[in-house]
Amino acid sequence: MRRELSERRRAMRAALKARRRALQAELRARRGKLPKTSSSKWRRRVVMALIIILLLLLHLCTEEPPPQVGKPTPPAPLVFGPPAPPPTPEPPPIRRRLKKRERPDYTSAPPRKKPWLDAYRLQVAGRSVVLATCFEGVERPGAVRWVASVDVKTGQVAEHELEPVANGVVLSQAHKKCLIAALSKPYRLEATEPSSTPERVAMVLEF
């Protein structure tokens, strides 16, 4: 839009300049033809026409400042009635020690003894001769912690974990494989209330 407006102004200025030159030429041409008595009157008319043309040129040359594009200022909110009171400051936190309350001592029920656990340990000890062959080639004596899941109903043992006790000897994979094979054979367990899920049992095997 601005570009079209500037082009129109340039065209109008060019037309006015051409019109001014034509009037000046016409003035010079008629100055010699007219009598001397009317030359002053004609000169005044030409001068007035030139003044009008100059005013038009000056008006066209003054460019309008571009409109300022900015963020509109939001209107001030309307306030009805008296101003709202200032917010009440929060009270300082209460810093005081609570009184000690007497509470009864917590006593947990002793764990229920598993009647089949003794039989399980005796049967593991009965395999000591077979287990001793699995420790052949170990550098020095030590102990290993054996954790497994025991199914009381079937006597099956699974999910074996063998870890050295304290800074004991770390067993090789061959030793662990031999121990798991010897300890995985089913056991004969009798329980008055057998559990529906396998129970996790830990034992320490010394060698």
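Within every chain, residues take consecutive numbers counted from 1 along the sequence as written. Only residues with pLDDT of at least 70 are given local features in this predicted model, and only at 80 or more are side-chain atom pairs given and counted; all residues enter the totals for whole chains, interfaces and linings. Each side-chain value is worked out from all heavy atoms of the structure, with water and hydrogens disregarded.

Participant: I would appreciate a short explanation of the side chain of Arg127 in the present structure.
Facilitator: A run of DSSP states H or I qualifies as a helix once it reaches four residues; a run of E qualifies as a strand once it reaches two. Both are numbered from the N-terminal end. Along the polypeptide, Arg127 turns up in the loop between helix 3 (117–125) and helix 4 (128–134). Summary of buried charges: Arg127 has no salt-bridge partner, and the nearest side chain of opposite charge, Asp151, is 14 Å away. Side-chain polar atoms of Arg127 contact the backbone oxygen of Ala182, separated by 3.0 Å. Of note is the side chain of Arg127, whose polar atom sits 3.1 Å from the side chain of Tyr187. In contact with Arg127, other than residues within four places in its own chain, are Ala182, Leu183, Ser184, Lys185, Pro186 and Tyr187. With a 1.4 Å probe rolled over the protein chains alone, any residue whose accessible area is under 20% of its type maximum counts as buried; one over 50% counts as exposed, and the rest are partly exposed. Charge convention: Lys and Arg are scored as positive, Asp and Glu as negative, and His as well as the terminal groups of each chain are ignored. A pairing counts as a salt bridge when a side-chain nitrogen of Lys or Arg comes within 4 Å of a carboxyl oxygen of Asp or Glu. N or O atoms within 3.5 Å of each other form a polar contact, as long as, within protein, one can give a hydrogen and the other can take it, and as long as residues adjacent in sequence are counted only when both atoms are side-chain atoms. Note on contacts: a residue pair qualifies if any of its non-hydrogen atoms lie within 4.5 Å across the two residues.

Participant: For this particular structure, what's the right way to read the nonpolar core?
Facilitator: Across soluble globular proteins, you tend to see nonpolar side chains buried next to one another. Remark: nonpolar core denotes a set of buried residues (Ala, Val, Leu, Ile, Met, Phe, Trp, Tyr, Cys) joined through side-chain atoms within 4.5 Å. Of all hydrophobic cores here, the largest spans 25 residues; its most connected members are Trp116, Tyr120, Val124, Trp146 and Tyr187. Among the elements that line this core, the one with the most residues is strand 1 (residues 143–150), at 4 residues. Setting aside residues up to four positions removed in sequence, Trp146 forms contacts with Tyr120, Val124, Val157, His160, Glu161, Leu162, Leu183, Tyr187, Val201, Ala202, Met203 and Leu205.

Participant: I tried to follow helix 3 on my own but got confused; where do I start?
Facilitator: The periodicity of an α-helix, 3.6 residues per turn, causes residues three or four places apart in sequence to face the same way. Looking only at helix 3, the buried set comprises Leu117, Tyr120 and Val124. Down the axis of helix 3, the smallest arc covering the buried residues is 60°, so these residues share one side. Structurally, helix 3 contributes buried residues whose contacts are with helix 4, strand 1, strand 2 (157–164), helix 5 (173–183) and strand 3 (199–206). The reported arc concerns the directions from the helix axis to the C-beta atoms and nothing else.

Participant: Please clarify how the pattern of salt bridges should be interpreted in this entry.
Facilitator: Close approach of charged atoms allows side chains with opposite charge to pair. Enumeration according to the criterion identifies 2 salt bridges in this entry. Between Glu159 and Arg200 there is a salt bridge, and its shortest N-O distance comes to 3.4 Å. Remark: Arg200 occurs in strand 3 and Glu159 occurs in strand 2; sequence separation between them is 41 residues. Note that Arg200 and Glu161 form a salt bridge whose closest N and O atoms lie 3.1 Å from each other. Of this pair, Arg200 sits in strand 3 while Glu161 sits in strand 2, and the two are 39 residues apart along the sequence. Owing to a relative accessible area of 38%, Arg200 belongs among the partly exposed residues under this scheme. The exposure class of Glu161 is partly exposed, given its relative accessible area of 36%. Here the salt bridges share partners, and the residues they tie into one network are Glu159, Glu161 and Arg200.

Participant: What is the right way to look at the state of the cysteines in this model?
Facilitator: What is meant by a disulfide is a covalent connection between two cysteines, made through their sulfur atoms. Disulfide assignment relies on a single distance test, namely cysteine sulfur atoms paired within 2.5 Å. Scanning the entire structure with this criterion turns up 1 disulfide. At a sulfur-sulfur separation of 2.0 Å, the disulfide partner of Cys134 is Cys178. Measuring the twist about the S-S bond at about -65°, one finds the Cys134-Cys178 disulfide to be left-handed. Residue Cys134 is located in helix 4, and its partner Cys178 is located in helix 5; the two are separated by 44 residues in the primary sequence. Exposure remark for Cys178: the relative accessible area of 28% places this residue in the partly exposed category.

Participant: How should I be thinking about the pairing of strand 1 in this particular structure?
Facilitator: Where burial is concerned, most of strand 1 is hidden: 7 out of the 8 residues are buried. DSSP calls a pair of strands paired once it identifies at least 2 bridges connecting them. Pairing of strand 1 with strand 3, which is carried by 8 bridges, proceeds in the antiparallel orientation. Counted as the bridge partner of Ala148 is Val201 from strand 3. Pairing analysis gives 6 bridges linking strand 1 to strand 2, with the strands arranged antiparallel. Within strand 2, the position partnered with Val144 by the bridge is Pro164. Where strand 1 folds back onto strand 2 in an antiparallel hairpin, the turn is made up of 6 residues, including Gly155, whose phi is positive at roughly 80°.

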